[in-house]
Amino acid sequence: MSAVLAIAQTEIRIGIRNRWVMLASVILFVFALLLVLLGSGPGGATRADGLTVVVASLATLSVYLVPLIALLLSFDAIAGEIDRGTLQLTLASPVSRGQVLIGKFIGHGCVLALAVIFGYGVAGAVGYFLGHNVGLDGIIDLGRLIVTSIALGATFIAIGYVASASVRQTGTAAALAVAIWLFAVVLYDLALLGGLITSSDGLFAKVLFPYLLLVNPADAFRVFNMAAIDAGGLSTGLAAQGNSMPFQPHIAIVSPFIWMVIGLGLSTLILRRVQP
């Protein structure tokens with residue numbers, strides 16, 4: 001355990017030294033603050049909590065930004081060390097390859113968590129003081145969003161390790177990470193939308209579509225958060241279909257954790273076969 005924590009501390013120090021914590025925090029804060037300022041006006045006809053209105057927008061923002069930041073953190077975790085020749089030195093110490101991976105996962109997870117907590121926390125505080133009808137419900141919604149965003153990021157960190165362990169060059173790992181992000185966040189949803197258009201009342205829309213949402217951790221994250229928000233009619237789109245789904249939308253949060261375990265398991269198996 002001490003070896004795992006030592007590796008985690010090293011990754012945190014590297015993240016701080018390379019300005020990863022600051023850069024990710026600033027990116028999340030700037031985008032979140034823009035949404036806070038745009039959504040801090042009076043709620044109009046809705047009686048929604050002012051902060052909850054902002055959280056509904058932040059949930060969509062998280063689907064795009066958090067996985068991208070997570071993949072940028074993790075794509076060179078293994079391939080980068082092979083390129084630099086440091087993996088052999090790491091494995092020469094009394095630590096297993098699984099421990100190396102878990103240590104990196106904890107370190108990168110902490111870096112991401114710091115960025116999410118700062119970026120969304122400060123923006124949420126601004127929204128709290130500028131918003132209208134802000135109450136306890138909005139604070140709870142923001143806290144839920146922060147926790148689930150960290151879980152989503154941890155999932156894509158684990159998936160990024162699979163890409164990093166599968167290749168030996170940092171550039172190839174970076175390209176693979178971008179491809180994963182494009183597929184999971186953009187192309188997958190476009191494919192689902194195309195399926196709904198071609199089969200709006202058929203088997204795809206009524207049977208396959210809800211479960212295909214669960215398969216993608218990013219979509220599952222969005223379904224969970226939007227279904228959990230009681231925003232007086234703000235839950236539109238995917239969340240609005242929650243009542244017609246053949247399962248409770250709240251179980252969607254299980255999907256990112258399943259993918260997290262799969263990612264760590266696959267990356268560990270691949271790393272055991274890697275010759276530094």
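You'll find the structure just up there.
Here the structure is a predicted model, which is why all the values come from computation and not from measurement.

This part is about the overall build of the protein. Counting its regular elements, the protein contains 11 helices and zero strands. Ordered by position from N to C terminus, the α and β elements of the protein give α-α-α-α-α-α-α-α-α-α-α. Looking at the protein residue by residue over its 276 residues, the buried ones come to 47%. Here the analysis covers contacts within the protein between residues at least 6 apart in sequence; of these, 84% occur between residues at least 24 apart. When the accessible surface of the protein is summed, it comes to about 12,900 Å², and 69% of that surface belongs to carbon and sulfur atoms.

A few words on the pattern of salt bridges. Applying the stated rule across the entire model yields six salt bridges. Note that Asp189 and Arg222 form a salt bridge whose closest N and O atoms lie 2.8 Å from each other. Here Asp189 is found in helix α8 (residues 170-198), whereas its partner Arg222 is found in helix α10 (residues 217-228), with 33 residues between them in sequence. Judged on exposure class, the residue Asp189 and its partner Arg222 are both buried. Between Arg222 and Asp219 there is a salt bridge whose closest N-O contact spans 2.9 Å. Of the two residues, Arg222 and Asp219 both sit in helix α10, three residues apart, roughly one turn of that helix. Ionic contacts of the salt-bridge type, sharing partners, join the residues Glu11, Glu81 and Lys104 into one network.

The next thing to look at is the environment of Val274. Structurally, the position occupied by Val274 is in the segment after α11 (254-273). You can call Val274 buried: its relative accessible area is 8%. The contact partners of Val274, leaving out residues within four places of it in the chain, are Ile82, Leu87, Arg97, Ala165 and Arg168.

Relative to the helices and strands, Arg84 is located in helix α4 (residues 79-84). Residues Arg84 and Gln169, 85 residues apart in the sequence, show an inter-C-alpha distance of 9.8 Å.

Let us now look at a nonpolar patch on the surface. There is a patch of nonpolar side chains on the surface, built from Val215, Ile251, Val254, Ile258, Trp259, Ile262, Leu266 and Leu269 and spanning about 660 Å² of accessible area. Within the fold, Trp259 resides in helix α11.

Another aspect to go through is the nonpolar core. By size, the foremost hydrophobic cluster in this structure holds 62 residues, and its most contacted members are Leu28, Leu58, Ile78, Phe105, Leu112 and Tyr120. Ranked by the residues each element gives to this core, the list is headed by helix α3 (residues 50-74), at 14 residues. The next biggest cluster of nonpolar side chains, apart from the first, holds 11 residues, and it includes Leu192, Phe204, Ala220 and Ile253.

What follows deals with the side chain of Ser255. The topology assignment puts Ser255 in helix α11. Exposure remark for Ser255: the relative accessible area of 8% places this residue in the buried category. Among residues more than four places away in sequence, those in contact with Ser255 are Leu214, Val215, Asn216, Pro217 and Ala220.

Bringing the packing of aromatic side chains into the picture now. Considering all chains together, one arrives at two aromatic pairs under this definition. Ring centres of Phe183 and Tyr188 lie 5.9 Å apart, and the angle between their planes is 75°; this geometry places the pair in the edge-to-face category.

Closest axis-to-axis distance for the helix α2 (residues 20-38)/helix α6 (residues 97-130) pair is 8 Å, and the angle between their directions is 25°. Here α2 is positioned roughly parallel relative to α6, judged by the angle of their axes. Classified by chirality, the crossing of α6 by α2 is right-handed. In this structure, α2 uses Trp20, Val21, Ala24, Ser25, Leu28, Phe29, Ala32, Leu33, Val36 and Leu37 to contact α6, whose residues at the interface are Val111, Leu114, Ala115, Val116, Phe118, Gly119, Tyr120, Val122, Ala123, Val126, Gly127 and Leu130.

α11 packs onto α6 with a crossing angle of 135° between their chain directions and a minimal axis gap of 9 Å. The orientation of α6 relative to α11 falls into the category oblique. Seen along the crossing, α6 lies across α11 with a hand that is right-handed. For the pair α6 and α11, the contacting residues are Arg97, Gly98, Leu101, Ile102 and Phe105 in the first and Met260, Leu264, Ser267, Thr268, Leu271, Arg272 and Arg273 in the second. Counted by class, the contact of α6 with α11 contains six nonpolar, three polar and three charged residues.

Counted as a void, the largest pocket has a volume near 390 Å³. Residue lining of the largest pocket: 21 residues in total, with Glu11, Ile14, Arg84, Lys104 and His108 positioned closest to the centre. When contributions to the lining of the largest pocket are tallied by element, the ones reaching two or more residues are α1 (2-17), α3, α4 and α6. When residues of the lining of the largest pocket are assigned to their parent elements, the largest contribution, six residues, is made by α1. Class assignment for the residues of the lining of the largest pocket results in nine nonpolar, six polar and six charged. Considering only enclosed or pocket space, the second largest pocket measures out at about 250 Å³ in volume. Lining the second largest pocket we find 14 residues, and of these Ile159, Ile180, Phe183, Pro217 and Trp259 sit closest to its centre.

Basis of the calculations
Residues numbered from 1 in each chain as written. Predicted model: local features only at pLDDT ≥ 70, side-chain atom pairs only at ≥ 80, totals over all residues. Heavy atoms only, no water. Helix = DSSP H or I, 4+ residues; strand = E, 2+ residues; numbered from the N terminus. Buried < 20%, exposed > 50% of the residue type's maximum accessible area, 1.4 Å probe, protein only. Contact = heavy atoms within 4.5 Å. Areas by Shrake-Rupley, 256 points an atom, 1.4 Å probe, with all protein chains shown as cover. Salt bridge = Lys/Arg side-chain N within 4 Å of Asp/Glu carboxyl O. Patch = residues over 30% accessible without salt bridge, like charges linked within 9 Å, V, L, I, M, F, W, Y side chains within 5 Å. Core = buried A, V, L, I, M, F, W, Y, C linked by side-chain atoms within 4.5 Å. Phe/Tyr/Trp six-rings, centres within 6.5 Å; stacked < 30°, edge-to-face > 60°. Axes fitted to C-alpha atoms, helices over the stretch in contact; angles between N-to-C directions. Parallel < 35°, antiparallel > 145°, perpendicular 65-115°, else oblique. Left-handed = near helix turned anticlockwise from the far one by under 90°. Nonpolar A, V, L, I, M, F, W, Y, C, P; charged D, E, K, R; others polar. 1 Å grid on protein atoms, 1.4 Å probe; cavity = no way out; pocket = protein on both sides within 12 Å on 5 of 7 lines; lining within 4 Å. Points joined across faces, edges and corners; volume = space filled by probe spheres on them.

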